[in-house]
Amino acid sequence: GQQVMQIPQYQHVQEGEDFTTYCNSSTTLSNIQWYKQRPGGHPVFLIQLVKSGEVKKQKRLTFQFGEAKKNSSLHITATQTTDVGTYFCAGESTGANSKLTFGKGITLSVRP
Amino acid sequence: GAGVSQSPSNKVTEKGKDVELRCDPISGHTALYWYRQRLGQGLEFLIYFQGNSAPDKSGLPSDRFSAERTGESVSTLTIQRTQQEDSAVYLCASSPIGSLNTEAFFGQGTRLTVV
């Protein structure tokens, strides 16, 4: 079945440093989504990418969908302590029984 | 309702007892997902519903776990003969199918503690 992989599971950065994480799917996706889960909370939708090579920005966050629609990246410029949390990507498969498959997530900690 | 509702929010049960967790998805959302999240860990997929049928049950960890959905609405996840290893937060999410935006909305989760 479809697999969505996020490695590593944890990353620690110094406040002000940039941070990039990647998401890889075993199959071609119709779209990819990113979610953020704050400590003690539940995952909340951030963004959806649909087109091959698409790039979207939200303030200091930049999201990119790969040309082959099998991978994606999230880049955070100049991390802040408010960026702490777990970031999940979720790939939606193509076809009639399409479903979202979530990666395991990457937990980001930021040292002030 | 305005969002995905899960009940109870917290459940403490004795080892060996059965528990039922409930999820009320957003009205009109065809897709419904159950996930388990252990402390400090990522999302562990359990089961996916499309309407009332479950095309993917591959994540259910054992035959003690079962889930059903009725009326393309409410879903219940049942854990029989609970074990301490079942302690976790159980998250439910729903999303539309067949639209351009298939964002998943998560409930607040049910925190299950087996003592």
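Residues numbered from 1 in each chain as written. Chains lettered and ligands numbered in written order. Predicted model: local features only at pLDDT ≥ 70, side-chain atom pairs only at ≥ 80, totals over all residues. Heavy atoms only, no water.

Student: Any chance you could explain the sheet that holds strand 1 (residues 4-5) of chain A here in plain terms?
Tutor: Backbone hydrogen bonds are what pair the strands of a sheet, in a parallel or an antiparallel way. Residue and element names in this part refer to chain A. Taken in spatial order, the five strands line up as 1-3-8-7-6 in an open sheet, and their pairing is antiparallel. Bordering the open sheet on either side are strand 1 and strand 6 (55-58), each of which pairs with just one other strand. As paired strands, strand 1 and strand 3 (residues 19-25) are joined by two bridges and run antiparallel to one another. Along strand 3, the bridge assignment pairs V4 with S25. (Pairing = 2+ DSSP bridges. Helix = DSSP H or I, 4+ residues; strand = E, 2+ residues; numbered from the N terminus.)

Student: Sorry, what's going on with the environment of G28(B) here?
Tutor: Topologically, G28(B) is positioned in the loop between strand 3 (19-24) and strand 4 (31-37). In sequence terms G28(B) and R81(B) are 53 residues apart; their C-alpha atoms lie 33 Å from each other.

Student: What is the right way to look at the pattern of salt bridges in this model?
Tutor: Should their charged atoms come close, side chains of opposite charge can pair. Applying the stated criterion across every chain yields a total of seven salt bridges over all chains. The residue D56(B) makes a salt bridge to K99(A) at a minimum N-O spacing of 3.3 Å. Of this pair, D56(B) sits in strand 6 (residues 53-56) while K99(A) sits in the loop between strand 9 (85-93) and strand 10 (100-102), which puts the two residues in different chains. The pair formed by D56(B) and K99(A) is uniform in burial state, with each residue classed as buried. Here R22(B) and D24(B) are joined by a salt bridge, their closest N and O atoms 2.7 Å apart. Judged by relative accessible area, which is 37%, R22(B) ranks as partly exposed. By relative accessible area, D24(B) is classed as partly exposed at 23%. If you follow the salt bridges from partner to partner, you end up with R36(B), R38(B) and E44(B) in one network. (Salt bridge = Lys/Arg side-chain N within 4 Å of Asp/Glu carboxyl O. Buried < 20%, exposed > 50% of the residue type's maximum accessible area, 1.4 Å probe, protein only.)

Student: Would you explain the confidence of the model for chain A in this entry?
Tutor: Residues of chain A with pLDDT of at least 70 account for 100%, and the chain-wide mean is 94. In the model of chain A, strand 10 of chain A stands out as the element of lowest mean pLDDT, 91, in contrast to strand 7 (residues 61-65) of chain A, which has the highest, 98. (pLDDT = per-residue confidence, 0-100.)

Student: Explanation requested: the interface of chain B and chain A in the structure shown.
Tutor: The parts lose accessible area when they come together, and the size of an interface is often stated as this lost area. In this complex, chain B contributes 21 residues to the contact, which on the side of chain A involves 19 residues. Overall, the association of chain B and chain A removes approximately 1,700 Å² of surface from exposure, summing both partners, and the carbon and sulfur fraction of that is 48%. Together, L43(B), T102(B) and F106(B) form the three largest contributors to the area buried by chain B at its contact with chain A, with a combined 28%. Remark: the boundary between chain B and chain A carries one salt bridge. Along the contact surface separating chain B from chain A lie nine residue pairs in polar contact (both at pLDDT 80 or more). At the level of secondary structure, the elements contributing two or more residues to the side of chain B that touches chain A comprise strand 4 and strand 5 (44-50) of chain B. A per-element tally of the side of chain B that touches chain A places strand 5 of chain B first, with four residues. Grouping the amino acids of the side of chain B that touches chain A by side-chain chemistry returns nine nonpolar, nine polar and three charged. (Contact = heavy atoms within 4.5 Å. Buried area = accessible area lost by both parts, 1.4 Å probe. Polar contact = N/O pair within 3.5 Å; in protein donor to acceptor, adjacent residues only side chain to side chain. Nonpolar A, V, L, I, M, F, W, Y, C, P; charged D, E, K, R; others polar.)

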